[in-house]
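# Observations on the three-dimensional arrangement
One-letter residues, chain by chain:
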Amino acid sequence: MSQSEKGTVPTVSSETLEERLNKAEQKNKILLQNETRLRQMIDNLADIIATFDMQARFTYISSSCTRLLGYQPEELIGQWAPGLIHSDQREQTIQSITAMVLLGLELEVRFQYQHKDGSYCWLEAVGRCLLDEHGKETGIIMGIRDISVRRQTEEDLRTSEERYRRLVENINDLVCEVDEKACFTYLNSQFKTILGYENDDLIGRNVYELGERSTDESSSDKGDLINEKGSPQQVWRCKHKNGEWRWFECRSASYIKASGERSIVVAARDITEKRRITEEIQESQRLFTGLFNNALHVILWVDMVTDKIINCNPAVENLLGYSSDEMLGRFYSDLYPADQLDKVRNSGDDVEVLHRSGRPIAVRLLKTVFYRGERSILQVILHDVSVQKQNEARFLR
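Since the model is a prediction, treat every value here as computed from it, not as a measurement.

### Side note on the packing of aromatic side chains
Counted by the stated rule, this structure contains nine aromatic pairs. Taking the centre distance of 6.0 Å and the plane angle of 25 degrees together, the rings of Phe288 and Trp301 count as stacked. You can see Phe288 sitting in helix H8 (residues 272-294) and its partner Trp301 sitting in strand E12 (residues 298-303), a full 13 residues away along the chain. Judged by its relative accessible area of 6%, Trp301 falls in the buried class. Here Trp301 and Phe370 contribute two aromatic rings whose centre-to-centre distance is 5.1 Å and whose plane-to-plane angle is 65 degrees, an arrangement assigned as edge-to-face. Of this pair, Trp301 sits in strand E12 while Phe370 sits in strand E15 (residues 360-372), placing them 69 residues apart in sequence. An aromatic cluster is present here, built from Phe288, Phe292, Trp301 and Phe370 joined pairwise through their rings. Just above the ring of Trp245 sits the side chain of Arg237; from NZ or CZ to the centre is 3.9 Å.

### Description of the sheet that holds E15
Strand order across the open sheet formed by five strands is E13-E12-E16-E15-E14, with antiparallel pairing between neighbours. The strands lining the two open edges of the sheet, one partner per strand, are strand E13 (309-312) and strand E14 (350-354). Taking the axes of each pair of neighbouring strands and ignoring which way they run, one obtains an average angle of 40 degrees across the sheet. Here E15 pairs with strand E16 (residues 375-384) via 10 bridges, running antiparallel. Across the sheet, the residue bridging to Arg372 is Arg375, located in E16. Strand contacts of helix H12 (residues 386-396): E14, E15 and E16, with the helix running at about 140 degrees to E15, the strand carrying the most contacts.

### Regarding H8
Between its first and last C-alpha atoms H8 spans 33 Å; for 23 residues at 1.5 Å apiece the expected length is 33 Å, and the two agree. For H8, every residue scored as buried is listed here: Thr272, Arg275 and Phe292.

### Details of the confidence of the model for the protein chain
In this model, the protein chain carries a mean pLDDT of 86, and residues with pLDDT of at least 70 account for 88%. Mean pLDDT across the elements of the protein chain ranges from a minimum in helix H1 (residues 14-43), with 68, to a maximum in E13, with 96. With pLDDT under 50 throughout, residues 217-222 is counted as low confidence; its partners more than four residues away or in other chains account for 14 contacts.

### Looking at the nonpolar core
Side chains that are nonpolar tend, in soluble globular proteins, to be buried together. Within the largest apolar cluster, 27 residues are counted, with the highest numbers of intra-cluster contacts made by Ile48, Phe58, Leu69, Tyr113 and Met142. Listed by contribution, the elements that provide at least two residues to this core are strand E1 (48-52), strand E2 (58-61), helix H2 (64-69), helix H4 (87-103), strand E3 (107-114), strand E4 (120-131) and strand E5 (137-146). Val316, Leu319, Tyr332 and Val363 belong to the second-largest nonpolar core, a separate cluster that totals 23 residues.

### Topic: the pairing of E4
Taken together, the eight bridges between E3 and E4 define a ladder with antiparallel strand orientation. Paired with Leu107 across the bridge in E4 is Gly127. Once E3 ends, the chain turns through five residues before running back antiparallel as E4, passing Gly118 with a positive phi of about 100 degrees. The sheet contact formed by E4 and E5 spans nine bridges and is antiparallel. Within the sheet, the bridge partner assigned to Val126 lies in E5 and is Gly143. Between the antiparallel neighbours E4 and E5 lie five residues, among them Gly135 with a positive phi of about 85 degrees.

Rules and cut-offs
Residues numbered from 1 in each chain as written. Predicted model: local features only at pLDDT ≥ 70, side-chain atom pairs only at ≥ 80, totals over all residues. Heavy atoms only, no water. Phe/Tyr/Trp six-rings, centres within 6.5 Å; stacked < 30°, edge-to-face > 60°. Helix = DSSP H or I, 4+ residues; strand = E, 2+ residues; numbered from the N terminus. Buried < 20%, exposed > 50% of the residue type's maximum accessible area, 1.4 Å probe, protein only. Lys NZ or Arg CZ within 6 Å of the ring centre and 35° of its normal. Pairing = 2+ DSSP bridges. Axes fitted to C-alpha atoms, helices over the stretch in contact; angles between N-to-C directions. Contact = heavy atoms within 4.5 Å. Expected span 1.5 Å × (residues − 1). pLDDT = per-residue confidence, 0-100. Core = buried A, V, L, I, M, F, W, Y, C linked by side-chain atoms within 4.5 Å.

Structure representation (structure tokens):
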């Protein structure tokens with residue numbers, strides 16, 4: 001048998017082996033580059049990335065821990081992670097981690113963690129178990145974020161909300177919120193005090209079922225109190241639970257909630273008593289004006305500083321021959337002859353007043369003083385006694 005006919009052993013050419021080695025080396029370089037790139041990404045994250053063994057000891061932690069917690073990574077590797085959790089949250093956090101491992105859940109937990117300087121910062125951790133190829137838990141991986149600023153902001157917001165809630169609940173005005181459909185979503189306690197309604201009576205009901213805008217005594221125009229821009233002051237009337245109407249000055253303002261929904265805040269001040277008093281004053285003024293204009297005796301109002309007449313009734317034309325308009329702005333003392341001025345200073349004296357023609361007329365003075373703000377007003381009533389004086393003269397003759 002020739003040599004060529006004998007069995008031969010296959011061999012691998014040096015070129016093929018070299019190619020395989022080059023490929024393997026290339027793969028290792030790529031893996032190393034990817035690992036380096038991934039580590040750089042992790043180390044430059046604002047959040048901390050950490051892994052733990054099943055006893056909750058650090059096996060890896062990104063360099064972000066130095067910025068957030070003050071520790072170098074090597075100071076924490078091998079340390080029992082829960083040991084630095086604030087004692088108030090430690091037990092609950094351990095229970096949450098245990099539940100994650102036992103039930104295969106994703107963990108999300110918040111706790112205070114001790115900084116290297118001894119202070120505590122609030123952290124939020126999201127984690128899950130690491131599994132091997134057989135599905136067995138081998139450790140835990142967590143993303144950890146510093147939420148101290150957010151936590152303080154949330155606390156400040158809660159404090160602010162509580163402060164304003166107490167303010168809203170203790171003011172004397174009605175305060176409510178309605179949605180874009182004008183349905184009540186919140187009422188303060190004054191709705192019961194002023195209108196007799198409990199929350200359950202109105203929540204979900206439309207605000208226009210309770211009241212209506214009034215631009216005059218008979219108006220039922222509902223206006224635009226509920227709109228996305230809010231409204232200036234309006235006068236509304238609202239029905240008490242007992243059926244009677246009460247009057248309110250109302251304003252509204254609109255804002256967007258965190259959910260994106262629009263809400264309208266309405267504040268309303270009860271002006272029922274103020275309105276009643278105003279109406280009584282107006283009625284008194286109408287009554288006074290009627291009496292003033294229809295009085296048979298002359299009534300003059302004189303500014304005591306300037307001595308000028310500022311108001312008079314129509315009766316002055318019958319007595320003195322001047323119209324009311326002609327009397328306004330005239331000096332009061334010019335109505336009397338010079339020799340009568342001393343008598344004019346005494347209320348109740350009979351004096352003479354000058355007619356437009358210059359003819360003297362006997363009158364009796366009645367004077368009172370009243371005030372409008374800081375202005376002193378002398379009210380003078382001139383009672384014509386000329387006929388009485390003539391009769392007395394005839395009787396004496």
